[in-house]
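Spelled out, the chains give:
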Amino acid sequence: MANYSLDKQKQAIAKNLIDTCGLQRAFHAAKQYGWHDIADEISDRINRGSSEDNENATRH
């Protein structure tokens, strides 16, 4: 899990990838281009979304 914050340019790249492709495709694109820190950030967002989904499912 990434325990650091990306600089503004890399945050913009991650946001653009996610907005354009969705989380899973953005993750794979970042890995393909060798943007490992961006891929880690996207992976963290995927994991946070999964844990939030699980929490919401148990509340219903």
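Here is a short report on the structure shown in this document. (Residues numbered from 1 in each chain as written. Predicted model: local features only at pLDDT ≥ 70, side-chain atom pairs only at ≥ 80, totals over all residues. Heavy atoms only, no water.)

Further remarks concern the overall build of the protein chain. Across its full length, the protein chain holds three helices and zero strands. In sequence order, the secondary structure elements of the protein chain are arranged as α-α-α. Scored against the burial criterion, the 60 residues of the protein chain give a buried share of 23%. Contacts in the protein chain between residues at least 24 apart in sequence constitute 44% of all its contacts with a sequence separation of at least 6. A total of about 4,600 Å² of accessible surface is found on the protein chain, and carbon and sulfur atoms cover 48% of it. (Helix = DSSP H or I, 4+ residues; strand = E, 2+ residues; numbered from the N terminus. Buried < 20%, exposed > 50% of the residue type's maximum accessible area, 1.4 Å probe, protein only. Contact = heavy atoms within 4.5 Å. Areas by Shrake-Rupley, 256 points an atom, 1.4 Å probe, with all protein chains shown as cover.)

The next thing to look at is the pattern of salt bridges. Here the structure, examined in full by the defined rule, presents three salt bridges. Across the pair Lys-15 and Asp-19 runs a salt bridge whose closest N-O atoms are separated by 2.5 Å. Residue Lys-15 and its partner Asp-19 are located together in helix H1 (residues 8-21), separated by four residues, close to a single helical turn. For Lys-15, a relative accessible area of 47% translates into the label partly exposed. Put simply, Arg-45 and Glu-41 hold a salt bridge, and the shortest N to O gap is 3.6 Å. Separated by four residues within a single helix, Arg-45 and Glu-41 lie in helix H3 (residues 36-59), roughly one turn from each other. (Salt bridge = Lys/Arg side-chain N within 4 Å of Asp/Glu carboxyl O.)

Moving on: the nonpolar core. Grouped together as the largest cluster of nonpolar side chains are 11 residues: Leu-6, Ala-14, Leu-17, Ile-18, Ala-26, Ala-29, Ala-30, Ile-38, Ala-39, Ile-42 and Ile-46. Among the elements of the structure, H1, helix H2 (23-32) and H3 are those that each provide at least two residues to this core. Ranked by the residues each element gives to this core, the list is headed by H3, at four residues. When sequence neighbours within four positions are dropped, the list of residues in contact with Ile-46 reads Leu-23, Gln-24 and Phe-27. (Core = buried A, V, L, I, M, F, W, Y, C linked by side-chain atoms within 4.5 Å.)

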